[in-house]
Amino acid sequence: MARDKRPVSQRQTWWLLAAALSAFLPLASLLSPWLAVSATAVMLLRGWMTWRQWRLPPKFILVLLTIAATAGVVVEYRTMFGRLPGVALLSAFLALKLLELRGARDAMAVVLLCYFLVLTQFMFTQSIATALMACATVLITTATLAAAADDRPAPAFLLRRAGVLLVQGLPFMLLLFVLFPRVQGPLWGLPQDRTSAVSGLSDNMSPGSIAQLSQSDTIAFRVQFEGKPPPQHTLYWRGPVMPSFDGRSWRVTRFSAVRTVPPFKVSGAKQDYEVTLEPLGKSWVFALDFPDKLPPESAYSEDLQLLSRQPIRARMRYSMSAFPETSVGAGDTPSLIAEALELPRGGNPRTREVAAKWREKYGDNTEAIVAEAENFFLRQLLSYTLNPPLLSEDVIDGFLFDTKRGFCEHFASAFAFALRAAGVPTRIVAGYQGGEINPVDGLLVVRQYDAHAWTEVWLKGRGWVRFDPTAISAPQRIADNFAATAPENDSLPFLARADMAWLRDIRNQMEAATNVWNQWVLGYTPQRQREFLQGLGFKTPDWQEMTAALAALCGLVLLLLTGWILYSRKKLDPAIRQWHKFTARLAKRGVQWHTWEDPLVFAERAASALPAHAENIRGIAHDYANLRYAAPPKNSTADTPLTKLRARIAAFRP
Amino acid sequence: MQQLPALTALGDVVRSANRVILGKDKAIKLALACLLARGHLLIEDLPGVGKTTLAHVLARLLGLDFQRVQFTSDMLPADIVGVSVFDRDSGSFRFHAGPIFTQVVVADEINRATPKTQSALLEAMEERQVTVEGATRPLPEPFFVIATQNPAHQIGTFPLPESQLDRFLIRIELGYPDPAAERELLAGEDRRSMLATLPACMTPAQLIELQQATRKIHAAPALIDYVQAIAAYTRAAPDWHAGLSPRAALGLLAAARAWALLAGRDHVLPEDVQIVLPGIVEHRLRPVDDRTRLGAGDTPSKLIEAVPLP
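Figured I'd write up the structure that's included with this text. (Residues numbered from 1 in each chain as written. Chains lettered and ligands numbered in written order. Predicted model: local features only at pLDDT ≥ 70, side-chain atom pairs only at ≥ 80, totals over all residues. Heavy atoms only, no water.)

**Observations regarding the overall build of chain A**
Here is step 1 of the chain: Secondary structure summary: chain A contains 24 helices and 16 strands in total.
Here is step 2 of the chain: By principal-axis analysis of the C-alpha atoms, chain A measures approximately 130 × 60 × 45 Å.
Here is step 3 of the chain: When each of the 654 residues of chain A is scored for burial, the buried share is 47%.
Here is step 4 of the chain: Look at the contacts in chain A between residues 6 or more apart in sequence, and 72% of them connect residues 24 or more apart.
Here is step 5 of the chain: Counting every atom, chain A has about 33100 Å² of accessible surface; 61% of that belongs to carbon and sulfur.
Here is step 6 of the chain: Charge centroids of chain A, computed over 71 positive and 55 negative side chains, lie 14 Å from each other. (Helix = DSSP H or I, 4+ residues; strand = E, 2+ residues; numbered from the N terminus. Buried < 20%, exposed > 50% of the residue type's maximum accessible area, 1.4 Å probe, protein only. Contact = heavy atoms within 4.5 Å. Areas by Shrake-Rupley, 256 points an atom, 1.4 Å probe, with all protein chains shown as cover. Lys, Arg positive; Asp, Glu negative; His and termini not counted. Charge placed at Lys NZ, Arg CZ, Asp CG, Glu CD.)

**Brief notes about empty space enclosed by the protein**
All names here are of chain A.
Here is step 1 of the chain: Inspection of every chain in the model, using the stated rule, returns five cavities of 30 Å³ or more.
Here is step 2 of the chain: As a volume, the largest cavity reaches approximately 90 Å³.
Here is step 3 of the chain: Taken together, 13 residues form the lining of the largest cavity, with P207, V395, E409, H410 and S413 sitting closest to its centre.
Here is step 4 of the chain: Going through the elements one at a time, α13 (395-403) and α14 (408-421) are the ones with two or more residues in the lining of the largest cavity. (1 Å grid on protein atoms, 1.4 Å probe; cavity = no way out; pocket = protein on both sides within 12 Å on 5 of 7 lines; lining within 4 Å. Points joined across faces, edges and corners; volume = space filled by probe spheres on them.)

**Some thoughts on the pairing of strand β6 (residues 129-132) of chain B**
The side chains of a regular strand alternate between the sheet's two faces.
Residue and element names in this part refer to chain B.
Here is step 1 of the chain: Every second residue of β6 is oriented toward a common face, the buried set being V130 and V132 and the non-buried set Q129 and T131.
Here is step 2 of the chain: Pairing of β6 with strand β7 (residues 135-138), which is carried by four bridges, proceeds in the antiparallel orientation. Considered in β7, the bridge of V132 is made with A135.
Here is step 3 of the chain: Counting the residues that bridge the hairpin from β6 to β7 gives two residues, and of these E133 lies at a positive phi of roughly 50 degrees. (Pairing = 2+ DSSP bridges.)

**Quick notes on unusual backbone geometry**
Here is step 1 of the chain: Following A:D289, the chain continues into A:F290 via a peptide bond in cis, with omega recorded as -20 degrees.
Here is step 2 of the chain: In this structure, A:F290 sits in the loop between β6 (271-277) and β7 (298-300).
Here is step 3 of the chain: For the peptide bond that leads from B:E141 to B:P142, omega is -10 degrees, which places it in the cis range.
Here is step 4 of the chain: Of note, B:P142 is situated in the loop between β7 and β8 (144-149).
Here is step 5 of the chain: In this model, A:R78 sits at a positive phi of 70 degrees, which is unusual for a non-glycine residue.
Here is step 6 of the chain: Relative to the elements of secondary structure, A:R78 occurs in the loop between α3 (59-77) and α4 (83-98).
Here is step 7 of the chain: Owing to a relative accessible area of 75%, A:R78 belongs among the exposed residues under this scheme.
Here is step 8 of the chain: Even without glycine at this site, A:L304 takes up a positive phi of about 65 degrees.
Here is step 9 of the chain: Within the element layout of this structure, A:L304 appears in the loop between β7 and β8 (306-308).

**So, the sheet that holds strand β3 (residues 236-242) of chain A**
Residues and elements named next belong to chain A.
Here is step 1 of the chain: Strand order in this open sheet of four strands is β3-β12-β15-β16, and the pairing throughout is antiparallel. Whereas interior strands pair on both sides, the edge strands pair on one side only; in this sheet they are β3 and β16 (463-467). Taking each pair of neighbouring strands and ignoring which way they run, the sheet shows an average axis angle of 40 degrees.
Here is step 2 of the chain: In the sheet, strand β12 (residues 426-433) pairs with strand β15 (residues 451-459) via seven bridges, with the strands oriented antiparallel. Along β15, the bridge assignment pairs I428 with T455. (Axes fitted to C-alpha atoms, helices over the stretch in contact; angles between N-to-C directions.)

**Remarks on a positive patch on the surface**
Here is step 1 of the chain: A cluster of basic residues, A:R577, A:K581, A:K588, A:R646 and A:R653, forms a positive patch on the protein surface.
Here is step 2 of the chain: Considering the arrangement of structural elements, one finds A:K581 in helix α21 (residues 574-588). (Patch = residues over 30% accessible without salt bridge, like charges linked within 9 Å, V, L, I, M, F, W, Y side chains within 5 Å. Salt bridge = Lys/Arg side-chain N within 4 Å of Asp/Glu carboxyl O.)

**Some remarks on the packing of helix α7 (residues 155-179) of chain A against helix α19 (residues 526-536) of chain A**
Helix packing for two helices is described by the angle between their axes and how far apart those axes are.
All names here are of chain A.
Here is step 1 of the chain: Where α7 meets α19, the axes come as close as 9 Å, and the angle between the chain directions of the two elements is 105 degrees. Taken together, α7 and α19 sit at an angle that is classed as roughly perpendicular. On α19, the residues that touch F177, V178 and L179 of α7 are Q529, F532 and L533.
Here is step 2 of the chain: When the residues that make up the contact of α7 with α19 are grouped by side-chain class, the tally is five nonpolar, one polar and no charged. (Parallel < 35°, antiparallel > 145°, perpendicular 65-115°, else oblique. Nonpolar A, V, L, I, M, F, W, Y, C, P; charged D, E, K, R; others polar.)

Set out below in structure tokens:
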């Protein structure tokens, strides 16, 4: 390779620039701005230099630039190792390598770097769009590789050739995808990168925290129901349970999953469903009330939060059954009940006053108190809005008596506070409510803006019963989906607006495609691979067996190809084979026959190069040309001239 | 291959032509090959390099009648094919044959005429007959058009469209003579007077005999494959606007046969194809990246080196 000193032509440079840009741009948004901008600038500068046919910068400048880039990456990321610094370093080197295109070897280095950078994209996202983009980049890079060999053909021709090559690689790709031993989980799931971008429910709730989620249309999970989906107002996807209140925020207190078997007996009708939970980086496994069996690797906490053993960093699929009529927690421990009554010492005097009146009026009749509280909420004429006014101190009083405008967390928080003040055990439950059926594939899609908070009230003899105070003032929020009920002037995620019907159609299509992709491509886990291979007849597929099968199949394909090539070689005219033997011998003496060259013309050239054998060379070429191109003699056996040629060539030793 | 007397005459034609037109052996042979393959010839070059002289010399040496037509921008089709004139004595129309009714038409500076006039000639080239006022009149046999044209970028030219260029079997360029030939030309006799005294080397009957012999030159299957591969390559490769037509492929084979005959062989070699190839393809293949329409010049070598011998 080092000896390959062919210069890189202008056309090849354009190709290399295109490949480098297509490999780099998808990564640019991940890098720190100064790096992205300066790498792009270097590539554009290189384009300008190519256009004006400037000379490349001298070596010492490149050395300085390389040192500067490396130092910059180290300063920016504090390390040279890891995913992001690695990609940053490679991108910088790619840009700088373009300034050093002196020979075919440099061009090859750029091409290889491009192929590698394509791969690194998948360390960050694995969506369909990424895959399509990567395909485009691979196509351009492969065309660049073809251009590196021969830059004369037009771009469309090179792209087509690259496409053909990639399509030919498809069987091998499928084989590798299906058979290559899988590793559990994402290889590069570094925690902080994975979750930093994802918003979602957290372990505390203060005014405004869920309203913030209402601006995000990111998908939280998808649900496939067995049979007809249940009505919208029953879809409460239970998540964090928050019993502790400090006057402003509600908090989760129990994080340990202790019960792998549900601590209650299910009853009533059953609804089967399957959830595909996006990796939200938290432990909550969202489910309808209440399951008979828990998904693997998950368990209930004491206050019935369904928790996964590990924060969920890879897409998770689980099948469950819901029994909505089940009652839970009738026999809960006194400590749990006591916790559900705790209130901060002071604050919100007006609410406390109202609650004290209820307590006076109904005493221990908790159900009556709850009914009274619902009545009170109705009388206060509270309104539901995504943009509630800000509240400073005494947030409950402020909401119930002054502003009277709030989002679900205001409702739930006020309701729970009031009931506690009246001596009724209450806790906040956060999760998602409703969702939207995608008409394309019939799946229920639950998004971040479906996030919701409601209350559970402990009633003697009945256990924890769900009350949703939001439903008192804004019943449509619960009956219909979130987007349809948002007040006119509130800001909504762009795609949630009902008047964007055609855009929503497109989105529905895309999301259905994404789901298929998630299920069949990204969801091809070791588990699925094992099932699939068992279906194919492997009894206990382990990685050794899979590797053996892989090697055997690839070998078989290669063997077939080789056989085919050998077979088509067999059909060569015997005269041509003799001729190839003859030209191979001359090639060893430094006289190369071009495949397009007329035998007699070649013979003249060879004869003048090897005058000692001139007569022999001319004679053989003449015999061969006669054999191939002259009219066959009428009255002699067909292979006499061939035998003669064979003998002559066999005796020919230049 | 039996020795035809016509074949010796052919050798004389080449030798005599070489005496008048100095240093252009290959161009002369290509022109002859074109005529032997029953094709029409297009000579394209700058004024003054001997295009018309070559046309005259060929006509004279082959012993054919010839007419020279100088094409101008105000010429009409009737100036070429002829016109019917009312004859008062007989009381009827009488056809006055135009200059096209001859064995060799030397169409000088064909691209100076308007497309309408050009097409009158080009129609005659393909059909070898002329239809005037309802009567179809056959042209004499043999019939050749030797057209000359100035490079397209010269002022006052109407470039021939591709479809009409395709009717010319071979296009040759003469180019400036090399120093030795030019010195000899300057020192030697006046070409015009040489032309006047040039004796014919061949009879029309002999020429027809040679044309028939050309058609009988053996083209082996391997060679047919080669010609086909060349045509197929021009169609698949992205370098040209359009590939070679089947007519062009037929012409390539016919010209290669004629070249083999000139070389005294009874079969065609790939070399014959490669030698005549530039004259056949240069006016037919327009390179995609050629914005000047002057021909990039590397088309034939690119083509030859791209197609391996089958």
